[in-house]
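Structural description and commentary
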Amino acid sequence: MEELDILVNALELSPENKILRNHIAKIQFDTGLYEEALENYKILYSTDGKDVQALEYMLKSLLNLEVYDEIQELVERELNQRIDWAFGFFVLAKCLYFKEEYEEAMKNYEKSVDIDSELEDIEFHKNLLQFTSSQKVKLKVLEFSEKEVCNEEFVKTQISFKDVGGMEEVKENIQANIIFPFRNPEIFKVYGKSAGGGILLYGPPGCGKTFISLATAGECNAHFVTISITDVLDMYIGESEKNLHTIFETARMKAPAVIFIDEIDALGGSRQSMRSSTSRTLTNQLLMELDSTQNNNKNLLVIGATNTPWSIDSALRRPGRFDRILFIPPPDIDARVEILKLHMKDKPCKEIDYLFIAKSLSKYSGADIKGVCDVACQSCIKKAMAAGKIVPITTEDLLDAIKVIKPSTIEWLSTAKNYATYSNQSGLYDDVLNYFKINI
Ligand code: ATP
C-alpha cells in the first residue's frame, strides 16, 4: 500500500491529472477499497465529459458496496439518455436480482445481452432461471455461442481521431469515405452504395497505420479485430483458409466491424513470388473474402497495412477490394508537435518548447516520438525517486532523450524513393513522390 500512498500524495499535488486518478481508482477498486475508488470515479465521471468507463466502474463499486437503490436511480436516469447502453441494463438486472425482483431482472439481463453478447454471464442467467417462470432461453444467445466463433479478440475502442496527432489529409479522407457512410447508411442506400469495403495503408513502420485504423473503428463505434499471418497459419492443409474464413464470418456477425490485417504483404503477397502453394491458396481465400465482403456484408471494413506495398499482389488492389490506397508518411512538423503534446498530456511538465523539440525530430515516426517521451519520463522518474518528490519534465529532458532514440524511417524512405522513381507506372506512388518534393 506504500505505492498507493505515494500515488495519492502525487494526486494531491496535481488533482487535474486524470490518468493518475484513473490509475489510483483502478488499484483501489482491485484491492477492495470500493468507497475510495467510488469517490475517484465520481470525480472522473463529472470532469471528463461523462466518461462511460468511469461511470461503469462507479456502478461496479456501488454493486460491491451493495447500495442497490442508489444504483437503480443512477442507471435509470442514465438510460433515459443512453437507450442502448448494454452495461446499464446488465447492472440494473443485478440490482433487481438482489432486490428479489426476478422477472424484471431477467428482462433487463436479456436486453443487455441482446445489445452486447459479450455481457453474457452464464452463472447469473442460471440463477435467474431458478426464480423466473420464463424458462425460455434466448435463442439468439444460443445461436451465437453454438456457431463456430474465432478466438481472435474483437474489441470496442474508445480511441478516436483526436488521439491521433497530425494525419489531417488521411483523417479527412477516412471521414468522407468510411465514417460518413457508416453513420449515414440510408443516404448511401438511395444511391445504391453501402458502407464498408477495403482500404490499404502503406508507409514506414511506426507512423500510425494501426493507430489510425483503431481510431477509425472508434469513430464508427465498430468492433475491431487485428489479424496477422501467424493468427491464421495452421500446419494442417486447408486449416489456414478455414481460420481466415472464421475470422471474417465472426466479423460479419458482429458488424459493424473493422478487420485490420497487419503486414498484409505476408498474407496477400504477390502470388507469382510465392513458392509455397499454401500461401497461394491463402491469398486466394483472402481475395474471396474481400469479394464477399462487397456482396454479403455491408458494414464490414477491411483495412490492410503494409510497409512493403511493392510486394502486394495487384489483384488485391482491384475495385471492390483494397481500392482506396493511402500513404501514411512520417509526421510533418505540425504533426510532430501534436504527437509530442499527446504523449506528454497528463504528465508533470514545465514550460516545454514543443516547436523547438519537433524541429529536431525530422524523419522520426510517431512511435519514435512516443519513445522519446518515454525515455524523458523514465529519466524524470529516476530524478523523482532520488529527490523524494515529483520532478517535472523539461525541454532539456526531451532533447536529451532525442540523443538516445534514432529515427527509424530513413531506410524505408530510401527504398520507397527507388520504387517511386523507377516503378511508378500506375501512379501508385504519387503521394510518396509528393512527400519527397516537400521534404528534401
Ligand atoms: P508497423 O508498420 O510497425 O506495424 P504502424 O505504422 O502500424 O507500425 P502504429 O503501431 O500505429 O504504427 O504506431 C505505434 C505507436 O506509435 C502507436 O501505438 C502510438 O502510440 C504511436 N503513434 C504513431 N503515430 C501516432 C500519431 N500520429 N499520433 C499519436 N501517436 C502515434
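Below you will find a few notes about this structure. Counting starts from 1 at the beginning of each chain's written sequence and moves along it residue by residue. Residues qualify for local features only when their pLDDT is at least 70, as the model is predicted, and side-chain atom pairs are given and counted only at 80 or more; totals for whole chains, interfaces and linings, by contrast, use all residues. The side-chain figures draw on all heavy atoms in the structure; neither hydrogens nor water molecules are used.

**Some words on the overall build of the chain**
- Secondary structure elements are taken from DSSP: a helix is a run of H or I of four residues or more, a strand is a run of E of two residues or more, and numbering for both begins at the N terminus. When its secondary structure is counted, the chain shows 22 helices and 6 strands.
- The burial tally for the chain puts 45% of its 440 residues in the buried class.
- Note on definitions: a residue-residue contact is assigned when non-hydrogen atoms from the two residues lie within 4.5 Å. Contacts in the chain between residues far apart in sequence, at least 24 positions, make up 69% of those at least 6 positions apart.
- For the chain, the accessible surface area stands at approximately 23,300 Å², while carbon and sulfur atoms represent 52% of it. Relative accessible area decides the class of each residue, using a 1.4 Å probe on protein chains only: under 20% of the type maximum gives buried, over 50% gives exposed, and in between gives partly exposed. Every accessible area reported is derived by Shrake-Rupley at a probe size of 1.4 Å, with residue values counting cover from the shown protein chains alone.

**Quick notes on the nonpolar core**
- Here, nonpolar core refers to any group of buried Ala, Val, Leu, Ile, Met, Phe, Trp, Tyr and Cys residues whose side-chain atoms link them within 4.5 Å. Core analysis: the largest hydrophobic core is formed by 39 residues, its most contacted members being Tyr 41, Leu 59, Ile 71 and Val 75.
- Contributing elements (two or more residues each) for this core: α2 (18-30), α3 (34-47), α4 (52-65), α5 (68-81), α6 (86-98), α7 (102-115) and α8 (122-131).
- Those residues within four positions of Leu 59 in sequence are excluded, and the remaining contacts are Ile 71, Leu 74, Val 75, Trp 85, Phe 87 and Val 91.
- Grouped together as the second largest cluster of nonpolar side chains are 25 residues, Phe 182, Leu 214, Ala 222 and Phe 224 included.

**Observations regarding the site of the ligand**
- Neighbouring the ligand are 18 residues; Gly 165, Gly 206, Lys 209, Thr 210 and Phe 211 lie closest to it.
- Pairs of N or O atoms are called polar contacts if they sit within 3.5 Å, as long as, within protein, a hydrogen donor faces a hydrogen acceptor (for residues adjacent in sequence, only side-chain-to-side-chain pairs). Within the contact set of the ligand, an oxygen atom lies 3.0 Å away from a side-chain nitrogen or oxygen of Asn 307.
- When residues of the shell around the ligand are traced back to their parent elements, those giving at least two are α12 (209-220), α17 (333-344) and α19 (366-387).
- Where each domain starts and ends comes from a domain assignment, either automatic or drawn from a database. Counting contributing residues per domain, the shell around the ligand is built from domain 2 (150-326) and domain 3 (333-404), each supplying no fewer than three. We call a residue near a molecule or strand whenever a single non-hydrogen atom of that residue lies within 4 Å of it.

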